[in-house]
Amino acid sequence: EYLNEKWKVGEDGQFLSVLTIEERDSLFYDAQRAHIATRDEAASVGKGFHSWIEAHIKAKMEFGEDPALPDNEQERNAVLGYLAHEAEHGLSYRASEQVIYSLEHDYIGTLDHIKILVMDGELGIGDYKSAADMRITFRLQLAAYAKAYMEERPDQRLYKRVVYLLGKDEPKCTPIDLCYPGWTDEESL
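Residues numbered from 1 in each chain as written. Predicted model: local features only at pLDDT ≥ 70, side-chain atom pairs only at ≥ 80, totals over all residues. Heavy atoms only, no water.

## Some thoughts on the confidence of the model for the protein chain
In this model, the protein chain carries an average pLDDT of 80, and 84% of its residues clear a pLDDT of 70 or more. Per-element confidence in the protein chain ranges from a low mean pLDDT of 50 for helix α5 (residues 185-188) to a high of 90 for helix α3 (residues 73-89). (pLDDT = per-residue confidence, 0-100. Helix = DSSP H or I, 4+ residues; strand = E, 2+ residues; numbered from the N terminus.)

## A short note on the pattern of salt bridges
This structure, assessed with the given rule, holds 5 salt bridges. Among the ionic pairs, Glu 104 bridges to Lys 147, the shortest N-O distance being 3.6 Å. With a gap of 43 residues between them, Glu 104 in the loop between β1 (91-102) and β2 (107-117) and Lys 147 in helix α4 (residues 136-152) connect regions that are remote in the sequence. Relative accessible area serves as the criterion here: at 29%, Lys 147 is assigned to the partly exposed category. Across the pair Arg 153 and Glu 152 runs a salt bridge whose closest N-O atoms are separated by 3.0 Å. What makes Arg 153 buried here is its relative accessible area of 18%. With a relative accessible area of 36%, Glu 152 lands in the partly exposed category. (Salt bridge = Lys/Arg side-chain N within 4 Å of Asp/Glu carboxyl O. Buried < 20%, exposed > 50% of the residue type's maximum accessible area, 1.4 Å probe, protein only.)

## Description of α4
An ideal rise of 1.5 Å per residue puts 24 Å on 17 residues; α4 measures up with 25 Å between its terminal C-alpha atoms. Within α4 the residues assigned to the buried category are Phe 138, Leu 142, Ala 143, Tyr 145, Ala 146, Ala 148, Tyr 149 and Met 150. (Expected span 1.5 Å × (residues − 1).)

## As for the side chain of His 50
Of note, His 50 is situated in helix α2 (residues 21-61). Judged by relative accessible area, His 50 falls into the buried class, the value being 18%. If near-sequence neighbours (up to four positions away) are discounted, His 50 is found in contact with Glu 97, Asp 112 and Tyr 128. (Contact = heavy atoms within 4.5 Å.)

## Quick look at the nonpolar core
Ile 100, Leu 111, Ile 114, Ile 125, Tyr 149, Leu 158 and Val 163 are the most contacted members of the largest nonpolar core, which has 18 residues in total. Elements that contribute at least two residues to this core include exactly β1, β2, β3 (122-129), α4 and β4 (160-166). A total of 7 residues in this core trace back to one element, the largest contributor, which is α4. Every residue in contact with Ile 114, bar those within four places of it in the chain, is listed here: Ser 92, Tyr 93, Arg 94, Ala 95, Gln 98, Leu 123, Gly 124, Ile 125 and Tyr 149. (Core = buried A, V, L, I, M, F, W, Y, C linked by side-chain atoms within 4.5 Å.)

## Re the packing of aromatic side chains
Tallied over the full model, the rule gives 3 aromatic pairs. Ring plane angle 75° and centroid distance 5.4 Å describe the contact between Tyr 82 and Tyr 128, whose orientation is recorded as edge-to-face. In this pair, Tyr 82 sits in helix α3 while Tyr 128 sits in strand β3, placing the two residues 46 residues apart along the sequence. Here Tyr 82 and Tyr 128 have matching classes, each one buried. Between Tyr 82 and Tyr 164, the aromatic rings sit 5.4 Å apart at their centres with planes inclined by 85°, giving edge-to-face as the arrangement. (Phe/Tyr/Trp six-rings, centres within 6.5 Å; stacked < 30°, edge-to-face > 60°.)

Structure representation (structure tokens):
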């Protein structure tokens, strides 16, 4: 995409082959790094809505006021999608951005939130993602978080591990429960 956009085109619409070696090398060098700018922009949006949701959850837990909606349209879409899901499912929260540690396996992580589903009282953890689709790393991340959480609190069971895929182009939230129906939490890990 980068090369198609940046390579010089002649009047006939064909790519010009009269680039100097320096121009060609510079073009290929920039093309190899174009994904970094795209990645950094996506990370910025992800950090923005992530911070807003964290502040929102803390405000709910402390009976405070919600922060103002983000100015950035993509961040705002992600936030509005999450808020619609939260209202529809009656979520309440026990913690936000809680650091957990596995003594057994020696790793640390930060839970986006620990939630209670009001409709059925089940305890679960959640993680927000700006990705368009599910990735295997999300399943591994939440399994590791659940394992560490249950090590720290052997008397508590986590019945839900949910990845929230939040839309940036439209207010949308696609929750994906990573626990398998009918399995114990240990079997789901």
